[in-house]
Amino acid sequence: MTSSKKLEVQTDDQTPHKWCTPLGEEVFKRFFSQANPTVHKIFGDGSLFSPMLFGKFFDPSDAFPLWEFESDILLCHLRSSNQNTVDWYQTDEGYMLKAEIAGTGISNIQVHVDNGKVVEISGQWKPQRDSKANDWRCGHWWEYGYVRRLEMPEDADLKIIEAHICNSRFLEVRIPKCPEGKDVVSSSVNLRG
């Protein structure tokens, strides 16, 4: 039996300076080597949020043009070692992303469409000690949460993007394509899932 929870896809996130602190490769290696098992689940091999997901280091807070690549090619290093927990594909109707999400933080996972150009999947796995501090996304975000930012395809229909958590373990994001002949929606549209 499959259980599915629909997530609200948000566009009204006005957090200034979020993701402005880049995660560098050396910083990540140091952080990961000193981390606990929760961090290894969230940022480990095969995770959607791993900076090493695509076979070489790529800061997950930078937008990545995911749908320009085939998952079989980009993830071949993970598939050969059975560590693959992410897949994406495109059909005539739209785009689909499926990812297994580590148990910690799945209850607060958020999906945003940023400026009508980027799908942002994030969540907090560790509370900030100082509640008066800036939003966790504005500093060393990896110490408190996780993110993966993906460039939207040009023909994505932003009005009806959907996100679901299935079986309390998998995230599915569906992005329909605009019908042929219809203009692509401008980035000023305010969406609600």
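Preceding this paragraph is the structure being described.
Residues numbered from 1 in each chain as written. Predicted model: local features only at pLDDT ≥ 70, side-chain atom pairs only at ≥ 80, totals over all residues. Heavy atoms only, no water.

Q: Honestly, the overall build of the chain in this entry has me stumped. Any pointers?
A: Helix and strand counts for the chain stand at four helices and nine strands. For the chain, the succession of helices and strands along the chain, N to C, is β-β-α-α-α-α-β-β-β-β-β-β-β. Considering only intrachain contacts with a sequence separation of at least 6, the fraction spanning at least 24 residues in the chain is 63%. When the accessible area of the chain is evaluated, it comes to approximately 10500 Å², of which 47% is carbon and sulfur surface. (Helix = DSSP H or I, 4+ residues; strand = E, 2+ residues; numbered from the N terminus. Contact = heavy atoms within 4.5 Å. Areas by Shrake-Rupley, 256 points an atom, 1.4 Å probe, with all protein chains shown as cover.)

Q: When you look at helix α1 (residues 25–33) in this model, what are you seeing that I'm missing?
A: Given 3.6 residues per helical turn, the α-helix brings residues three or four places apart onto the same face. Taken together, the buried positions of α1 are Phe28, Phe31 and Phe32. What you see down the axis of α1 is that its buried residues fit within an arc of 95°, all on one side. More than 90 degrees from the buried face of α1, the exposed residues found are Glu26 and Ser33. The inward-facing, buried residues of α1 abut α2 (37–43). (Buried < 20%, exposed > 50% of the residue type's maximum accessible area, 1.4 Å probe, protein only. Arc of directions from axis to C-beta.)

Q: Where do I start with the side chain of Lys18 in this structure?
A: Among the secondary structure elements, Lys18 is positioned in the loop between β2 (9–10) and α1. With a relative accessible area of 14%, Lys18 lands in the buried category. Discounting residues that sit within four places of it in the chain, Lys18 has contacts with Asp13, Glu120, Arg137 and Cys138.

Q: Sorry, what's going on with the nonpolar core here?
A: What tends to happen in soluble globular proteins is that the nonpolar side chains get buried as a cluster. Counting residues in each nonpolar core, the largest one holds 47 residues, and the members touching the most others are Phe43, Trp88, Leu97, Ile109, Ile121 and Ile175. Residues in contact with Ile175, not counting those within four places in the same chain, are Trp67, Gly94, Tyr95, Val119, Met152, Ala156 and Ile161. (Core = buried A, V, L, I, M, F, W, Y, C linked by side-chain atoms within 4.5 Å.)

Q: What should I look at first to understand the sheet that holds strand β1 (residues 4–7) in this one?
A: Hydrogen bonds between backbone atoms are what pair the strands of a sheet, whose relative direction is either parallel or antiparallel. With antiparallel pairing, the five strands of this open sheet are ordered in space as β1-β8-β9-β4-β3. Where the open sheet ends on each side, the last strands, each with one partner, are β1 and β3 (86–90). Averaged over neighbouring strand pairs, the angle between their axes works out to 15° when direction is ignored. Two strands pair when backbone bridges link them, and β3 and strand β4 (residues 94–100) are joined in this way by five bridges, in the antiparallel orientation. Looking across to β4, one finds that Trp88 is bridged to Leu97. (Pairing = 2+ DSSP bridges. Axes fitted to C-alpha atoms, helices over the stretch in contact; angles between N-to-C directions.)

Q: Teacher, can you tell me more about the pairing of β4 here?
A: A regular strand places its side chains on the two faces of the sheet in alternate fashion. Most of β4 is tucked away: five of the seven residues are buried. Strand direction decides the pairing type here: β4 and strand β9 (residues 170–176), joined by seven bridges, are antiparallel. Directly across from Gly94, in β9, lies its bridge partner Pro176.

Q: How should the packing of aromatic side chains be read in this particular structure?
A: Considering all chains together, one arrives at 13 aromatic pairs under this definition. A ring pair is formed by Phe28 and Phe43, whose centres lie 6.2 Å apart and whose planes are at 70°; its orientation type is edge-to-face. Separated by 15 residues along the polypeptide, Phe28 in helix α1 and Phe43 in helix α2 bring together distant segments of the chain. Between the aromatic rings of Trp141 and Trp142, the centroid separation amounts to 5.4 Å while the plane-to-plane angle is 85°, which identifies the pairing as edge-to-face. (Phe/Tyr/Trp six-rings, centres within 6.5 Å; stacked < 30°, edge-to-face > 60°.)

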